[in-house]
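Each chain is listed here by its residues.
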Amino acid sequence: MQIRSVKGFHDILSPEISRWHYIEKICREVFELYGYKEIRTPHLEYTELFTRSIGTTTDIVEKEMYTFQDRDGSSVTLRPEGTAGVVRSFIEHHLYTKSPTHKLYYMGSMYRHERPQKGRYRGFHQIGAEYLGSYAPGADVETIYMLWNIFKLLELGDYIKIEINSIGTSESRKKYKKALKAFLQPNTKDLCPNCKRKLETNPLRILDCKNENCKKITEKAPLIIDFITEESKKHFEEVKNLLSTLEITYTVNYKLVRGLDYYTETVFEFTTDKLGAQNAVAAGGRYNELVEMIGGPKVPAVGFAIGMERTVLLHKLKFKEWKESHPKVFVAWLGNKTYTTAFMLTQTLRKKGIPVEFGHESKSLKSQLKKANKSKAPFTLIVGEEELEKGIVKLRDMEKGIETNVQIDKITELL
Ligand code: HAM
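The structure displayed is predicted, hence computed values, not measured ones. (Residues numbered from 1 in each chain as written. Predicted model: local features only at pLDDT ≥ 70, side-chain atom pairs only at ≥ 80, totals over all residues. Heavy atoms only, no water.)

A. Region of the structure containing helix α12 (residues 308–318). Inspection of α12 places Met308, Glu309, Arg310, Thr311, Val312, Leu314 and His315 among the buried residues, and these make up the whole buried set. Those residues of α12 that are buried lie in contact with α1 (16–33), β6 (123–132), α6 (137–153), β10 (280–286) and β11 (301–307). (Buried < 20%, exposed > 50% of the residue type's maximum accessible area, 1.4 Å probe, protein only. Helix = DSSP H or I, 4+ residues; strand = E, 2+ residues; numbered from the N terminus. Contact = heavy atoms within 4.5 Å.)

See below:
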């Protein structure tokens, strides 16, 4: 029986991969501009890292993590997101002693056992950025602005809406949860089974439920913004003012609460109406308590993660055609005596940085030219026995079909 990839996991093939490279390149360039350094953390972490940071009553921890027992009996988990690992690494390497602020970015796969559908996978990829060490509202805004610039440079800005909210401190959230629970309790029987359970474990998530009945019930629910401290309100006001100064269009979504417990203060989502149910293309927020929560000092932070698969889907919608990289030259050879020279010529050109395609199988000129055409190389070098004796090869312009004789030692220069 044929072996297929695991359900919810997917391969990324050419030509689609060139879109991934393009998006990654834009992100790296923007991160460099903002002073971010790349960090690579392991895909596998001790389970406790995620239960402590993401929260035991979240969907991710309750039902989506790939958790198993390692050979030494310890519980380990494939990372469902990148922030926790970055913060673990930040603490483990005492980065906070080296500089008051750190800007770190990462790209890589994440794992969540969700129900696969368009834009939602079990093995997916994120590009994330974390700014550790600043309480300033300007740090939130800079983070949002950087993310916005990435989508603008990708020419996807017109597909994206920015939603923001403030969820205050964990203390404020405790008070809000109580009030929300009290508000929802009289309607318990009308909530969907999942929300009924959430009422006890994590009532905030009920605000996110897509069920029409639940949506109706939460319509008049108290809002978290009315439960946050004066300081949090001031922080949020400054964030909004600065966003407006930068002429960033956003909406305040008072029901935006995010699905991970570590957030405090500003939260945001970059959403689209082009991808159906999976409308969040990127998301993030502030997490002033997380470093302490997992054993580090008191260090505030803010960050985001872009969902790569969803960004690529948007990119495909916007740019139906996308360039694939092609070799510049195809080297064809005729007769066994020319093979070694042609092979060596290929290596010389590559050493000079010229992308070359070469076929090792001995074939007729016609079939080699067919292959050259398929490779989309604009030029073919034809190494023939007779010409070779005179130190010459033929250079064929594939579009015009014109062939010219070229001195073999002048080729690199010419190309
Ligand atoms: P998140 O909202 O869980 O946040 O994920 C960020 C983005 O990853 C989502 O907006 C979505 O585009 C993408 N994503 C999430 N799950 C899937 C999936 N199953 N399939 C495809 N794409 C998916 C975080 O992960 C936080 N760590 C973000 C952050 C960084 N907050 C602060 N710093």
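B. Quick peek at the packing of α6 against helix α10 (residues 230–245). At a closest axis distance of 9 Å, the pairing of α6 and α10 adopts a crossing angle of 40°. Judged by the angle between their axes, α6 and α10 are oblique. Along this stretch, α6 crosses α10, giving a crossing that reads as right-handed. Listed contacts from α10 to Pro137, Gly138, Asp140, Val141 and Ile144 of α6 are His235, Glu238, Val239, Leu242 and Leu243. Looking at the contact of α6 with α10, its residues break down into 6 nonpolar, 2 polar and 2 charged. (Axes fitted to C-alpha atoms, helices over the stretch in contact; angles between N-to-C directions. Parallel < 35°, antiparallel > 145°, perpendicular 65-115°, else oblique. Left-handed = near helix turned anticlockwise from the far one by under 90°. Nonpolar A, V, L, I, M, F, W, Y, C, P; charged D, E, K, R; others polar.)

C. Up close: the packing of α1 against α12. Two elements in contact, α1 and α12, have axes separated by 10 Å at closest approach and are oriented at 110°. Considering their axes alone, α1 and α12 lie roughly perpendicular with respect to each other. For the pair α1 and α12, the contacting residues are Glu16, Arg19, Trp20, Tyr22, Ile23 and Glu24 in the first and Met308, Glu309, Thr311, Val312, His315 and Lys316 in the second. Of the residues in the contact of α1 with α12, the class split is 5 nonpolar, 2 polar and 5 charged.

D. Geometry of the packing of aromatic side chains. All told, the structure shown has 17 aromatic pairs when counted by the stated rule. Through successive ring pairs, a cluster of aromatic residues spans Phe31, Tyr36, Tyr105 and Phe304. Stacked on the ring of Tyr159, the Lys or Arg Lys318 has its end atom at 5.4 Å from the ring centre. (Phe/Tyr/Trp six-rings, centres within 6.5 Å; stacked < 30°, edge-to-face > 60°. Lys NZ or Arg CZ within 6 Å of the ring centre and 35° of its normal.)

E. Structural context of the site of the ligand. Residues in contact with the ligand amount to 27 residues; listed here are only the nearest, Glu81, Glu114, Tyr121, Glu130 and Tyr263. In this structure, an oxygen atom belonging to the ligand sits 2.8 Å away from a side-chain N or O atom of Arg112. Residue Arg258 places a side-chain N or O atom 2.8 Å away from an oxygen atom belonging to the ligand. A total of 660 Å² of accessible area belongs to the ligand in isolation, and the protein chains cover 96% of it. Tallying contributions element by element places β10 first for the shell around the ligand, with 6 residues. Residues of the shell around the ligand, tallied by class, amount to 13 nonpolar, 7 polar and 7 charged. (Near = heavy atom within 4 Å. Polar contact = N/O pair within 3.5 Å; in protein donor to acceptor, adjacent residues only side chain to side chain. Areas by Shrake-Rupley, 256 points an atom, 1.4 Å probe, with all protein chains shown as cover.)

F. Representation of the pattern of salt bridges in the model. All told, the structure shown has 28 salt bridges when counted by the stated rule. Note that Glu16 is salt-bridged to Lys316, the shortest N-O span being 2.5 Å. One end of the pair, Glu16, is in helix α1; the other, Lys316, is in helix α12, with 300 residues separating them in the sequence. Judged by relative accessible area, which is 22%, Glu16 ranks as partly exposed. We classify Lys316 as partly exposed; its relative accessible area is 33%. Between Lys181 and Glu200 there is a salt bridge, with its nearest N and O atoms 3.5 Å apart. (Salt bridge = Lys/Arg side-chain N within 4 Å of Asp/Glu carboxyl O.)

G. Focus on the sheet that holds strand β13 (residues 356–358). Judged by pairing direction, the sheet is mixed, and its 5 strands sit side by side in the order β13-β12-β14-β15-β16 without closing on themselves. Each edge of the sheet is formed by a strand with only one pairing partner; in this case those strands are β13 and β16 (402–407). Adjacent strand axes in the sheet meet at a mean angle of 25° when their direction is disregarded. Across the sheet, helix α13 (residues 339–351) touches β12 (329–333), β13 and β14 (379–383), and the angle it forms with β13 is around 160°. (Pairing = 2+ DSSP bridges.)

H. Expanded view of the environment of Gln185. On the secondary structure map, Gln185 appears in the loop between α7 (170–184) and α8 (193–201). Taking the C-alpha atoms as reference points, Gln185 and Glu200, 15 residues apart in sequence, are found 9.9 Å from one another.

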